[in-house]
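Summary of the model geometry
The primary structure of each chain is shown beneath.
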Amino acid sequence: MTKKNAILSLENICKIYQMDGISIKALNGVSLTIEEGEFVSVTGSSGSGKSTLMHIIGCLDVPTSGKVTLEHHEVSKLTERELAQIRNKKIGFVFQQFNLLARTSALENVSLPLVYNGTAESNIQGKAKEALEKVDLGDRLHHHPNQLSGGQQQRVAIARALVTDPAIILADEPTGNLDSKSGVEIIEIFKKLHEQGRTIVMVTHDQNIASQAQRIIKLRDGKIVS
Amino acid sequence: MPIKQLIRVAIKSLQTNKSRSLLTALGVIIGVASVILLVSVGSGLKDYITNQMQDMGSNLIMVMPGEIDLDKMGVGGGAMSGAFSSMASSKLKLEDMDEVEKIPQIEGAAAMIMASSPIRYKGESKSAQVIGTTENYINIRKTGFEKGSFFTKSEVNSGRKVAVLGYKVAEDLFGEENPIGEKVKLGEYRYQIMGVMEEKGGQGEMSPDDKVFVPITTAQRQFDNDNISLILAQVRSGDEVSSTVPLVEEVLKQRLEEKDFTVLDQKEILSTVSSILDTLTLALGGIAAISLLVGGIGIMNIMLVSVTERTHEIGLRKALGATPEVILTQFLVEAVFLSVGGGIAGIIVGSGGALLLSKFMPATVTLWSVMLAFIVSAAVGIIFGITPARRASQLSPIEALRYE
């Protein structure tokens, strides 16, 4: 079922959590392929397993069973250290809470992933600046998060996700903390990035937002229902 | 992650909580400063006493009345004051000194007694320590003269009322005047001054600067005391010192019925005193090191708080690709920064304090205590930083990101 230009494939993924001696099956045999350049949204009610799925796609966690392949790397059996390196190079995260470092300029926030992958110091600033210009924040390089609006902060976060040129941009409720106007702006940025050929996976419970994507994956009780 | 970046991140996070960082470092500052200060007092005391002992002359054997156990001797000038305080029970006589002097290995010997007496000249009066001694004293102490000369054997034998002043005594009483030939009143009697010793520096028991020297026979008469409280004997060469000690004991045993005296050689006293002072220095340093330990615990405490506070940030950094090692190093660098920064400040405070203290009492900052303090403070940072740093590095990124 793996297609030739598949960027990510999940095969029969199960994730079982142990809580107070009770096992909870968060994911129960999920198989999924995401192709290069796709804009996919993952939806489902809370408890449907979408967060768990996002963690596994984002290499923040490994499945209990099943196989995850990201750009020909089998990631389901990697160590904590190797996962960190994969996250750095292959995944660009955009969070609901923006998760920018406080008291740190936009430029430095965007530089952070580059610092962790050993990019030469002379190149870091240039790359970070370029990424911020892509999200129209070229004039806000030295602003701190508390000097930026919510929409601007989320654009800094998108720039940070783009700066390492990752295989997948993984957005977790990217509009959840924004007013509807800023939310629309952010979705427009994602659409633009999709047109430029980026692969985007967006997790959301909001049907309207989800419907902006090219493909919608619906989860219920740890299984893909459509 | 390059070390430059790590240091930048560490400085930034320490700056975020300036007063907290400062207070945490203060624990180490106090610890390091007190180690340096106390060790400097200990080693200063040792230098001081060693110098004073060596100032007395070389290859010396001392005979004191009464039995003195070196091991039970106190710290500091205990040897001397112990000897002089046992003067009352002293049975050593001037003739004993003559016999000691007859031993072939002995180059010269001097007897001493000590007393306190006011000394007056015209309107000026001051209290001085009077030392009654014999003519050889000056050869053994090897002190030069500012003016005049020391008294001679004939003056000792005839018990003339002549006096030699220490440099400070002469300065205080006479100022610019020439004291030679002048008469001072020592207690009830008038003494003619025949010399002023050159300045030796230092103070206390061993320094001649604030003493007045008179012939021992004169002193015995004035203070109504037939005994002597110390015999200083100089051995021909350093190699013969320890072999001469038993000879002196033998001679004195024949003259006195019981062994009511102690013969000590200078090196023995010196090594005992310095070993006592080394122990003291170590004990002082050890006590101070406890505060360094407490400072280390303070660092660990604040780093644990910091890890908890920054759980979310740690999660984010991990999501963005920071490996556990990078997180570990980051927090370790921060802890070491606190402790080394505190260590450097402590070295400055401690050395400055010791320098200030050295104006009032002997204190010398030793290089080894500074180095040790620096190394220990760095080690404290690593030892007490490793637990919080490990805790940070092992946080699960998912849990950490979820943490509010």
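Just so it is clear, the structure is predicted and the values come from calculations on it, not from any experiment.

Residue and element names in this part refer to chain B. Axis separation between helix α2 (residues 18–55) and helix α12 (residues 324–357) bottoms out at 7 Å; the angle between their running directions is 40 degrees. Relative to α12, the element α2 is oriented oblique. Along this stretch, α2 crosses α12, giving a crossing that reads as right-handed. Grouping the constituent residues of the contact of α2 with α12 by class yields 15 nonpolar, twelve polar and no charged.

Turning our eyes to something else, we now look at the pairing of strand β8 (residues 200–203) of chain A. All names here are of chain A. The alternating pattern of β8 places Ile200 and Met202 on one face and Val201 and Val203 on the opposite face, and all of these are buried. Sheet topology note: the strand β3 (residues 39–43)/β8 ladder contains four bridges and is parallel. Bridge pairing in β8 links Val40 to Val201. In the sheet, strand β7 (residues 168–172) pairs with β8 via four bridges, with the strands oriented parallel. The residue bridging Ala171 from the neighbouring strand is Met202, located in β8.

Residues and elements named next belong to chain A. The strand order β6-β7-β8-β3-β9-β10 describes an open sheet built from six strands, whose pairing is mixed. Each edge of the open sheet is held by one strand with a lone partner, namely β6 (91–94) and β10 (223–224). Bridge analysis of β3 against strand β9 (residues 215–220) gives four bridges, and the strand direction is parallel. Note that in β9 the partner of Thr43 across the bridge is Lys218.

What follows deals with the sheet that holds strand β4 (residues 65–70) of chain A. Residues and elements named next belong to chain A. Strands sit in the order β2-β1-β4-β5 across an open sheet of four strands; the sheet is antiparallel. Of all strands in the sheet, those with a lone pairing partner are β2 (22–35) and β5 (73–74), marking the two edges. Two elements, strand β1 (residues 6–19) and β4, share five bridges in a ladder whose sense is antiparallel. For Glu11, the partnering residue across the bridge sits in β4 and is Lys67.

Turning our attention to the domain arrangement of chain B. Domain annotation for chain B reports domain 1 (3–50 + 274–402) and domain 2 (92–259). Spacing between the C-alpha centres of domain 1 of chain B and domain 2 of chain B amounts to 55 Å.

Turning our eyes to something else, we now look at the environment of B:Ile327. Residues and elements named next belong to chain B. You can see Ile327 is positioned in helix α12. In this structure, the C-alpha to C-alpha distance between Ile327 and Thr262, residues 65 residues apart in sequence, is 68 Å. Beyond its immediate sequence surroundings of up to four residues, Ile327 is in contact with Ile314, Arg317, Lys318, Ala322, Ala392 and Ser393.

The next subject is unusual backbone geometry. Residues and elements named next belong to chain A. Its identity as a non-glycine residue notwithstanding, Glu71 has a phi of 45 degrees, on the positive side. A residue is classified by how many C-beta atoms lie within 10 Å of it, and Glu71, with 15 of them, is partly exposed. With phi around 45 degrees, Glu173 is a residue other than glycine that occupies positive phi space. Here Glu173 lies in the loop between β7 and α6 (180–195). Exposure remark for Glu173: the 20 C-beta atoms within 10 Å place this residue in the buried category.

Quick look at helix α4 (residues 94–102) of chain B now. Residue and element names in this part refer to chain B. Residues of α4 that are buried include every one of Asp96, Met97 and Val100, and no others. One side of α4 carries all its buried residues, which in axial view fall inside an arc of 100 degrees. Across from the buried face of α4, at angles greater than 90 degrees, the exposed residues are Glu95, Asp98 and Lys102. For α4, the elements touching its buried residues are β1 (60–65), β2 (106–121), β9 (230–235) and α9 (241–255).

Time to look at the nonpolar core. Core analysis: the largest hydrophobic core is formed by 125 residues, its most contacted members being A:Ala159 and B:Ile36. Ranked by the residues each element gives to this core, the list is headed by α2(B), at 16 residues. Setting aside its immediate chain neighbours within four residues, B:Ile36 contacts B:Ile347, B:Gly350, B:Ser351, B:Ala354, B:Val365, B:Ser369, B:Val370 and B:Ala373. The next biggest cluster of nonpolar side chains, apart from the first, holds 57 residues, and it includes B:Leu92, B:Ile140, B:Leu186 and B:Val235.

The next subject is the interface of chain B and chain A. With 15 residues of chain B at the interface, the matching set in chain A holds 18 residues. Elements supplying a minimum of two residues to the side of chain B that touches chain A: α1 (3–16), α11 (311–319), α12 and α14 (397–402) of chain B. Looking at the side of chain B that touches chain A element by element, the count peaks at four residues for α11(B). When grouped by side-chain class, the residues that make up the side of chain B that touches chain A number nine nonpolar, four polar and two charged.

Procedures and definitions
Residues numbered from 1 in each chain as written. Chains lettered and ligands numbered in written order. Predicted model: local features only at pLDDT ≥ 70, side-chain atom pairs only at ≥ 80, totals over all residues. Axes fitted to C-alpha atoms, helices over the stretch in contact; angles between N-to-C directions. Helix = DSSP H or I, 4+ residues; strand = E, 2+ residues; numbered from the N terminus. Parallel < 35°, antiparallel > 145°, perpendicular 65-115°, else oblique. Left-handed = near helix turned anticlockwise from the far one by under 90°. Nonpolar A, V, L, I, M, F, W, Y, C, P; charged D, E, K, R; others polar. Buried ≥ 20, exposed ≤ 12 C-beta atoms within 10 Å, placed from the backbone. Pairing = 2+ DSSP bridges. Domains from an automatic or database assignment. Contact = placed C-beta atoms within 7 Å. Arc of directions from axis to C-beta. Core = buried A, V, L, I, M, F, W, Y, C linked by C-beta atoms within 7 Å.

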